[in-house]
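# Architecture and fold: a report
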Amino acid sequence: FPVTIVVQASFTGVTLGLAIGQLVLGPLSDAFGRRPLMILTIAGYVVAIGLAFLAPSIELFIAARFLMGFFSAGADVIGRAIIRDLYRGQAMQRLLARTYLIQSISPIAGPIVGSQLSEAFGWQSILLVFGLISLVLLLLLNFLLFETLPVAKRRASTPLGLARGYIYVLRDRVLIGLMLYAAMQLSALFLYLNFTPFVYQQSFGISQTDYGFWLALNGAIIS
């Protein structure tokens, strides 16, 4: 396959993983608790990185990228759920705002760091950095994270109990509208991330290192 199609397929795998991971792991944390699911997602992310690093074929690499998106989405949604478990009102809004602020830095800093690592040590070095950071987080979570969802507030862990949660959400018209708005916004973002590497580097002749700078500049302007 052409390199362009292969890379775009890996992006598609991550995108699908992000979408499905939120739908699956979030409700499971409502049923089984935040701590075990958070530890599971970070451990799964580490395993997925190892699979991507060692993948002998592009098919397995794309599957590993799907798992990376799946488990990272779980960590994201469970992290926000932990904040909602512990805080209410202004305190909750303030912490969620800080979370979104940190996340908004990633499209600015990420391309610069990633392009420098890839230029100096190869693209596999990016996976190694992600893996090391995830291992540190896993260690910290194991010792510092306590359960924030009491057993009395958990949903039924049966398939029917989980399905009721989905039905309850789908009946909320305001939430559905917000979900559609967020879906269109994220679709535009991932289309942008899918195509800009080829437009910048192949059409404009921008180097790998300079591409990271320009992508970060665009991210800063958008933010």
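My aim in this report is to walk through the structure given alongside it, one point at a time.

Quick notes on the rules
- Residues numbered from 1 in each chain as written.
- Predicted model: local features only at pLDDT ≥ 70, side-chain atom pairs only at ≥ 80, totals over all residues.
- Heavy atoms only, no water.
- Helix = DSSP H or I, 4+ residues; strand = E, 2+ residues; numbered from the N terminus.
- Rg over C-alpha atoms; globule rule 2.2 N^0.38 Å.
- Buried < 20%, exposed > 50% of the residue type's maximum accessible area, 1.4 Å probe, protein only.
- Polar contact = N/O pair within 3.5 Å; in protein donor to acceptor, adjacent residues only side chain to side chain.
- Contact = heavy atoms within 4.5 Å.
- Phe/Tyr/Trp six-rings, centres within 6.5 Å; stacked < 30°, edge-to-face > 60°.
- Salt bridge = Lys/Arg side-chain N within 4 Å of Asp/Glu carboxyl O.
- Axes fitted to C-alpha atoms, helices over the stretch in contact; angles between N-to-C directions.
- Parallel < 35°, antiparallel > 145°, perpendicular 65-115°, else oblique.
- Left-handed = near helix turned anticlockwise from the far one by under 90°.
- Nonpolar A, V, L, I, M, F, W, Y, C, P; charged D, E, K, R; others polar.
- Core = buried A, V, L, I, M, F, W, Y, C linked by side-chain atoms within 4.5 Å.
- Patch = residues over 30% accessible without salt bridge, like charges linked within 9 Å, V, L, I, M, F, W, Y side chains within 5 Å.
- Areas by Shrake-Rupley, 256 points an atom, 1.4 Å probe, with all protein chains shown as cover.

### With respect to the overall build of the protein chain
Along the protein chain, the regular secondary structure elements total eight helices and zero strands. Starting at the N terminus and ending at the C terminus, the protein chain contains elements arranged as α-α-α-α-α-α-α-α. In terms of overall dimensions, the protein chain is globule-like: its C-alpha atoms have a radius of gyration of 19 Å, near the 17 Å expected for 223 residues. For the protein chain, the spread of C-alpha atoms along the three principal axes comes to 60 × 35 × 35 Å. For the protein chain, with 223 residues in total, the buried portion stands at 31%.

### Re the side chain of Ser29
Examined against the element boundaries, Ser29 turns out to sit in helix H1 (residues 3-32). Looking at Ser29, its side chain comes within polar contact range of the side chain of Arg34, at 2.9 Å. If near-sequence neighbours (up to four positions away) are discounted, Ser29 is found in contact with Arg34, Leu37, Ile78 and Leu149.

### Side note on the packing of aromatic side chains
Applying the stated criterion across every chain yields a total of three aromatic pairs. Ring geometry for Phe61 against Trp123: centres 5.6 Å apart, planes inclined by 75°, an arrangement best described as edge-to-face. Separated by 62 residues along the polypeptide, Phe61 in helix H3 (residues 58-86) and Trp123 in the loop between helix H4 (89-121) and helix H5 (124-144) bring together distant segments of the chain. What makes Trp123 partly exposed here is its relative accessible area of 42%. Where Phe70 meets Phe71, the ring centres are 5.2 Å apart and the plane angle is 90°; that geometry is what we call edge-to-face. An aromatic cluster is built from Phe66, Phe70 and Phe71, whose rings are joined through pairwise contacts.

### A look at the pattern of salt bridges
Summed over all chains, the structure comprises five salt bridges. Asp76 is the partner of Arg80 in a salt bridge, and the nearest nitrogen-oxygen pair spans 2.8 Å. One end of the pair is Arg80 and the other is Asp76, both in helix H3 and four residues apart, which spans about a single turn. Its relative accessible area of 15% is what places Arg80 among the buried residues. The partly exposed category is assigned to Asp76, whose relative accessible area is 25%. Overlapping salt bridges, with partners in common, bring together Asp30, Arg34, Asp85 and Arg155 in one network.

### Description of the packing of helix H2 (residues 34-54) against H3
Where H2 meets H3, the axes come as close as 8 Å, and the angle between the chain directions of the two elements is 155°. Taken together, the axis directions place H2 and H3 in an arrangement best described as roughly antiparallel. Pair H2 / H3 crosses with left-handed handedness. By residue class, the composition of the contact of H2 with H3 is 18 nonpolar, five polar and two charged.

### Some thoughts on the nonpolar core
Formed by 21 residues in total, the largest nonpolar core has its most connected members in Met38, Ala52, Met68, Ile78 and Leu141. When contributions to this core are tallied by element, the ones reaching two or more residues are H2, H3 and H5. If one sorts the elements of this core by residue count, H3 sits on top with nine residues. The contact partners of Met38, leaving out residues within four places of it in the chain, are Ala75, Ile78, Gly79, Ile82, Leu141 and Leu145.

### A short note on the packing of H2 against H5
Axis angle and axis distance: for two packed helices, these are the angle between their axes and the distance between the axes, and together they describe the pair. Running from amino to carboxyl end, H2 crosses H5 at an angle of 160°, the nearest separation of the two axes being 9 Å. In terms of their interaxial angle, H2 and H5 are classed as roughly antiparallel. Relative to H5, the crossing made by H2 is left-handed. Contacts between H2 and H5 involve Arg35, Met38, Ile39, Ile42, Ala43, Tyr45, Val46, Ile49, Ala52 and Phe53 from the first element and Gln124, Leu127, Leu128, Phe130, Gly131, Ser134, Leu135, Leu138, Leu141 and Asn142 from the second.

### A word on the environment of Arg35
Residue position: Arg35 is located in helix H2. Between the alpha carbons of Arg35 and Ile78 there is a distance of 8.9 Å; along the sequence they are 43 residues apart. Arg35 has contacts with Leu141, Asn142, Leu145, Phe146 and Glu147, leaving out every residue within four places of it along the chain. A distance of 2.7 Å separates a polar atom in the side chain of Arg35 from the backbone oxygen of Leu145.

### Notes on a nonpolar patch on the surface
Taken together, Val129, Phe130, Ile133, Val136, Leu137, Leu139, Leu140, Phe143 and Leu144 make up a surface patch of nonpolar side chains, about 860 Å² in accessible area. With respect to the helices, strands and loops of the structure, Val136 is situated in helix H5. Residue classification places Val136 among the partly exposed residues on the basis of a relative accessible area of 48%.

Keep in mind that these numbers describe shape and distance, not what the molecule does.
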